[in-house]
Amino acid sequence: MTSTPARHRPPTGLIADDGTAATGASPESAGRAALGRATGILMALVPCSTATARRILAETARVAGVGLPEAVGAALALRDGEDAPPTPVETILQTVIEHTLHTPDPAPAALQPNPGVLRGHLRHFRALRRRTFATPEDPGLRCELEDASYTLCVLTGRRSPHHAVHAAEELVALHRLDAPHDQ
């Protein structure tokens, strides 16, 4: 029986769904679980789609010159909120997130959504965002958050969920300012 070369072995020492060290699970399933949690954390924090969250992790690993498990670990550390200074990978992750947030979005469509409908979708999105951040390992919540992000993108005519949330907030606030006040 031959052993697998070290460079082809799956990552070890990752975190399980419940936040503990993954000891009983296979390294592959622990790696998938940690990747899912990191994706959920980024989706809730940025906000962004699953694909964008995975691109952020891959870009962080590429720029930092580390493997994906280290980038995943840096994303998981974002949720922990430790008082320790950030590691170099965590600093690069924050830079990649900032770059993602400041990527320009094309001009929105000329049609404006109904402010009441938009307000309801924004409220739903925020609730899902909080729930996903609290339990990022739940793939169902990540899927619901992705759907809510997509809906906001469609309603506001934006491509990025981050820009869509800001546009929705601005439109809702503008409607409140323009609405006649009862006297």
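Each residue is numbered by its place in its chain's sequence as written, counting from 1. In view of the model being predicted, local features appear only for residues whose pLDDT reaches at least 70, and side-chain atom pairs are presented and counted only at 80 or more, with totals across whole chains, interfaces and linings using the full set of residues. Based on all heavy atoms of the structure, the side-chain values leave hydrogens and waters out of the count.

## Some points on the overall build of the chain
The cut-off we apply is this: Helical segments are the DSSP runs of H or I of at least four residues, strand segments are the runs of E of at least two, and each set is numbered from the N terminus. Each residue is assigned to one of three classes by its accessible area relative to the maximum for its type, calculated with a 1.4 Å probe on protein chains only: buried under 20%, partly exposed between the two thresholds, exposed over 50%. Two residues form a contact once any of their heavy atoms are found within 4.5 Å.
Regarding its fold elements, the chain presents seven helices and zero strands. For the chain, the succession of helices and strands along the chain, N to C, is α-α-α-α-α-α-α. Evaluated residue by residue, the chain yields a buried proportion of 34% over its 183 residues. Across the chain, contacts joining residues at least 24 apart in sequence account for 58% of those joining residues at least 6 apart.

## A look at the nonpolar core
What counts is decided by this rule: Nonpolar cores were defined as sets of buried Ala, Val, Leu, Ile, Met, Phe, Trp, Tyr and Cys residues, with membership established by side-chain atoms within 4.5 Å.
If you look at the biggest cluster of nonpolar residues, it comprises 35 residues, and the most contacted ones within it are Leu42, Ile56, Leu57, Val72, Ile97 and Leu152. Elements with a minimum of two residues in this core: helix 1 (27–45), helix 2 (50–64), helix 3 (68–80), helix 4 (88–101), helix 5 (115–134), helix 6 (139–156) and helix 7 (161–178). In terms of residues, this core owes the most to one element, helix 1, which gives six residues. In contact with Val72, not counting residues within four places along its chain, are Ala34, Leu35, Ala38 and Leu57.

## Here we look at the confidence of the model for the chain
Just so we agree on the cut-off: You can read pLDDT as the predictor saying how much it trusts each residue, on a scale of 0 to 100.
In the predicted model, the chain carries a mean pLDDT of 81, and the fraction of residues at 70 or more is 78%. Considering each helix and strand of the chain separately, the mean pLDDT is smallest for helix 7, with a value of 84, and largest for helix 2, with 94.

## Details of the packing of helix 3 against helix 4
Using the following cut-off: Angular values range over 0 to 180 degrees, each being the angle between N-to-C directions of two axes fitted as lines to C-alpha atoms, with helices fitted over their stretch in contact. Should an angle lie under 35 degrees it is considered roughly parallel, over 145 roughly antiparallel, and from 65 to 115 roughly perpendicular; all remaining angles are considered oblique. Side-chain classes are defined by residue name, with Ala, Val, Leu, Ile, Met, Phe, Trp, Tyr, Cys and Pro counting as nonpolar, Asp, Glu, Lys and Arg as charged, and the others, Gly among them, as polar.
Interhelical geometry of helix 3 versus helix 4 gives an angle of 80 degrees and a closest axis separation of 9 Å. Classified by the angle between their axes, helix 3 and helix 4 sit roughly perpendicular to one another. Side by side, helix 3 and helix 4 meet where Glu70, Ala71, Ala74, Ala75, Ala77 and Leu78 of the first sit next to Val89, Glu90, Leu93, Gln94 and Ile97 of the second. Along the lines of polarity and charge, the residues of the contact of helix 3 with helix 4 split into eight nonpolar, one polar and two charged.

## Let's talk about the environment of Ala75
Examined against the element boundaries, Ala75 turns out to sit in helix 3. Spatially, the C-alpha atom of Ala75 lies 7.9 Å from that of Leu57, the residues being 18 residues apart in sequence. Excluding its chain neighbours within four sequence positions, the residues that come into contact with Ala75 are Ala38, Ile41, Leu42, Leu57 and Leu93.

## Re the packing of aromatic side chains
Short version of the rule: Planes of paired rings set the category: under 30 degrees apart is stacked, over 60 is edge-to-face and the rest tilted, where pairs are Phe, Tyr or Trp rings (Trp by its six-membered ring) whose centres lie within 6.5 Å. By the criterion adopted, a ring carries a charge over it if an Arg CZ or a Lys NZ lies within 6 Å of its centre and within 35 degrees of its normal.
Scanning the model with the defined rule gives zero aromatic pairs in all. The ring of Phe133 is capped by Arg79, whose NZ or CZ atom sits 5.9 Å from the centre of that ring.

## A few points about the pattern of salt bridges
The criterion, for reference: Think of a salt bridge as a Lys or Arg side-chain nitrogen and an Asp or Glu carboxyl oxygen that are within 4 Å of each other.
According to the stated counting rule, one finds three salt bridges in the structure shown. Linking Arg62 and Glu59 is a salt bridge whose minimum nitrogen-to-oxygen distance equals 2.6 Å. You can see Arg62 and its partner Glu59 sitting in helix 2, three residues apart, about one turn around the helix. With a shortest N-O distance of 3.0 Å, Arg126 and Glu169 are connected by a salt bridge. With Arg126 in helix 5 and Glu169 in helix 7, this residue pair connects regions lying 43 residues apart in the sequence. A relative accessible area of 36% means that Arg126 is categorised as partly exposed.

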